[in-house]
Number of protein chains: 2
Amino acid sequence: MKRKITLKQIAKELDVSISTVSKSLRNSLEIGEETRLKVQAFAKFYNYKPNNIALSLKNRKTKSIGIIIPEIVHYFFSTVINGIEQVANEYGYSVVICVSDDSFDKEVLNMEMLANGSIDGFIMSLSKETQYKGDFHHITEVINQGMPVVMFDRVTNDILCDKVIIDDKSAAYEAVQSLIDSGRKKIALVTTVDYVSVGKLRTDGYEKALLDNGLPFNEDLIIKIEDVDTCEITISELLHARAFDAVFAVNELFAVTIIKTANKMGLKVPEDIAVIAFTDGIISKYSTPTITTVSQSGEKMGNKAAKMLIERIEAEEDDDEEHNENYITEVIETHLIKRESTD
Amino acid sequence: MKRKITLKQIAKELDVSISTVSKSLRNSLEIGEETRLKVQAFAKFYNYKPNNIALSLKNRKTKSIGIIIPEIVHYFFSTVINGIEQVANEYGYSVVICVSDDSFDKEVLNMEMLANGSIDGFIMSLSKETQYKGDFHHITEVINQGMPVVMFDRVTNDILCDKVIIDDKSAAYEAVQSLIDSGRKKIALVTTVDYVSVGKLRTDGYEKALLDNGLPFNEDLIIKIEDVDTCEITISELLHARAFDAVFAVNELFAVTIIKTANKMGLKVPEDIAVIAFTDGIISKYSTPTITTVSQSGEKMGNKAAKMLIERIEAEEDDDEEHNENYITEVIETHLIKRESTD
DNA sequence: TTGCTTTACGAAAACGTGGTAGTGTTGAAA
DNA sequence: TTTCAACACTACCACGTTTTCGTAAAGCAA
């Protein structure tokens, strides 16, 4: 019912000036002890807290960071948010989250909405559509305005900024290599459409592993899924032909679908078909059999991204105007989590 | 590099007053066409956008809403956020998210951080610890300051505010009834500790369904899990004793663990044991067998909560001071999604 | 008394915006 | 010529803070 109390109100009530109140609360020695204590007591009684908006306006710092991600109901992305939130909290920052829904327009809209003073910097992962279009003007724009941006996971070389990624290529390589090591010869790749940056990189790693081991790289064994619902059919066809004895899937949804399809056809995992998935999410941990995955450690990515962003923000404070543009790309380590879907 | 342009800079550049610029941009008829167009062209060229912070300060409206939830890496909560985000976006609001980590202190801290002007209202779900302590002073405080609060899912009767919940008791009743209908007689309940409000309600529904059907309510068949890791042991003991032929689990994590444990012991789901879980999440959809669940529709809850909050916020705008305190509690419908874990 | 320092506080600007009220010029009607 | 409206624009205030600068009063030495 009663609005928050302001400096002005305190000043009026105690019949002193606003500046006196402000200084008293900051324990300035300029103010006599009697007045100081009186003001402090009064402020405490009325539970005075400075208004964040006014502070932001004054300091040109909002102490909040914007996150723009394609989805939020998504294990990986939510772990990243979690990681960001932890660090942000630690440094006294709030996080504002916008979901692009994998739409270019929403991504642009969201960025514009936040770019006008609401936040001190961005952490983002590109939407599919943005990667497809290759249009990054909205991002360069905010960067040109002097707002720091950190990209993670789905990044692009066309933008110069700090980045946090995993080495998708070598992680895929490692996964495929482990399938080869366990004696698999015909390894299928189930992936997304090409324009998603990480999909492309993982395909590269898959190919390299095959070639390095003297195995043929067969385009027919690469299954590109646009829509999860249709993948079952494609997969069952290939399974019928017994075309492969192992699968490397770029995400766990594909992996679990493969396993289920295989089971329906009477094929056993891992005996008949070994499965490895990218993204160590909740499905892999609880599916039957549990799925061997490449851990992506979203939390670590979030931690790192937040740290990088906040450091940039607070660095700019000091040597103002002096943009040092030696951007870094942090590579987060991955490792294979062996579970029941491989032997 | 170049900071965002302000009204003042435009005014200076074009040698007119700030108000002239402001009015030109808002297409006021007060300003002559020539000047107006000149200003608009200039503003467009320099991509002028009003500063959100300044607007917030002036309008005493931030156009953002704060969300405080116990966890974010959690299917249900992330769907709720998704639902909130959709509606918020539609109305031009941003969402600021804080995670309480089920800690009372963090919840208080986060609320205090946001309450000082950063947001126009709260949407929250209580942390476990807060429910345990029963201390809600931080919430009453912001409500007393005139800030609207909407609680969802984990709510309390001790706070008067708008709420969005599901009818946990009758949903549980329905689930247990369906188990009874399919001929099950010894139905176990796997639940959390009591102080979590929803856990209690679901237990009530479970009990009522049993009694209404003339089945005994046996405390031994209620398994309270504090930590997921320990539940496997408890469950396997009961399974050994063949103490039950069906399980109602208050979340899908418990359900999938039960299924896995049963499988290990050579018991078949649903033949030997039928399983129903609360919370229709991703695990239920992809586990083997897929799990029959009570859909909780987090998205709908989020939609509704956001709508209620925004309506309150914008209502206060009009009849200022005139708090109408007829708070409502919206009950979101649930329904049973039958899958393979029941027959 | 004069001149100087110290103490204790206040006034005002700044951050960026938007609305209300006001000002001065022009042209036309009386 | 006077009066008044229309026009085109400016001044100023408010939002809540912090901070710089200013200054009145008091104390003290000469």
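Since we're looking at a predicted model, the values are computed, not measured.

## Brief notes about the sheet that holds strand 3 (residues 121-124) of chain B
Sheets are built from strands paired through backbone hydrogen bonds, the pairs being either parallel or antiparallel.
Logical step 1: Judged by pairing direction, the sheet is mixed, and its 12 strands sit side by side in the order 11(A)-5(A)-4(A)-3(A)-1(A)-2(A)-2(B)-1(B)-3(B)-4(B)-5(B)-11(B) without closing on themselves. Single-partner strands in this sheet number two, and they are strand 11 (329-332) of chain A together with strand 11 (329-332) of chain B. The average undirected angle you get between the axes of adjacent strands in this sheet is 20 degrees.
Logical step 2: Relative to strand 2 (residues 94-99) of chain A, strand 1 (residues 64-69) of chain A runs parallel, the two sharing six bridges. When the bridges of strand 2 of chain A are listed, isoleucine 67 of chain A appears paired with isoleucine 97 of chain A.

## Concerning the UniProt feature "domain: HTH lacI-type" (unreviewed entry) in chain A
Logical step 1: UniProt marks residues 5-59 of chain A with the feature "domain: HTH lacI-type" (unreviewed entry), using the numbering shown here.
Logical step 2: Along residues 5-59 of chain A one finds 67% helix and 0% strand; the C-alpha atoms at either end are 21 Å apart.

## A word on the sheet that holds strand 8 (residues 246-249) of chain B
All names here are of chain B.
Logical step 1: Spatially, six strands are ordered 7-6-8-9-10-12 in an open sheet, and the strand pairing comes out mixed. The sheet is open, and its two borders are formed by strand 7 (222-225) and strand 12 (335-337), each paired with just one other strand. Going from strand to strand, the sheet's axes swing by 20 degrees on average, the running direction of each strand aside.
Logical step 2: Lying on the sheet, helix 9 (residues 168-181) is in contact with strand 6 (187-192), strand 8, strand 9 (274-278), strand 10 (292-295) and strand 12; it crosses strand 9 at an angle near 170 degrees.
Logical step 3: Taken strand by strand, helix 10 (residues 197-212) contacts strand 6, strand 7, strand 8 and strand 9, and its axis lies near 170 degrees from that of strand 6.

## Things to note about the side chain of threonine 192 of chain B
Logical step 1: With respect to the element layout, threonine 192 of chain B can be found in strand 6.
Logical step 2: Leave out the neighbours within four places in its chain, and threonine 192 of chain B touches Gly199, Lys224, Ile225, Val250 and Phe254 of chain B.

## What to know about the state of the cysteines
Logical step 1: According to the stated counting rule, one finds zero disulfides over all chains in the structure shown.
Logical step 2: With no disulfide of its own, cysteine 98 of chain A has cysteine 98 of chain B as its nearest cysteine by sulfur position, at a separation of 15 Å.
Logical step 3: Residue classification places cysteine 98 of chain B among the buried positions, given a relative accessible area of 1%.

## Here's the deal with the pattern of salt bridges
All names here are of chain B.
Logical step 1: All chains considered together, the criterion is met by 22 salt bridges over all chains.
Logical step 2: The closest approach of N and O atoms between aspartate 280 and arginine 339, which form a salt bridge, is 3.0 Å. In this pair, aspartate 280 sits in the loop between strand 9 and helix 13 (282-286) while arginine 339 sits in the segment after strand 12, placing the two residues 59 residues apart along the sequence. Assigned by exposure class, aspartate 280 and arginine 339 land together as buried.
Logical step 3: For lysine 304, the salt bridge is made with glutamate 330, and the minimal N-O distance between the two is 4.0 Å. With lysine 304 in helix 14 (residues 298-318) and glutamate 330 in strand 11, this pair connects stretches of sequence that are 26 residues apart.
Logical step 4: Under the relative-accessibility criterion, glutamate 330 is labelled partly exposed at 26%.

What counts, and where the lines are drawn
- Residues numbered from 1 in each chain as written.
- Chains lettered and ligands numbered in written order.
- Predicted model: local features only at pLDDT ≥ 70, side-chain atom pairs only at ≥ 80, totals over all residues.
- Heavy atoms only, no water.
- Pairing = 2+ DSSP bridges.
- Helix = DSSP H or I, 4+ residues; strand = E, 2+ residues; numbered from the N terminus.
- Axes fitted to C-alpha atoms, helices over the stretch in contact; angles between N-to-C directions.
- UniProt positions renumbered as here; feature names shortened; annotations may be inferred.
- Contact = heavy atoms within 4.5 Å.
- Disulfide = S-S within 2.5 Å.
- Buried < 20%, exposed > 50% of the residue type's maximum accessible area, 1.4 Å probe, protein only.
- Salt bridge = Lys/Arg side-chain N within 4 Å of Asp/Glu carboxyl O.

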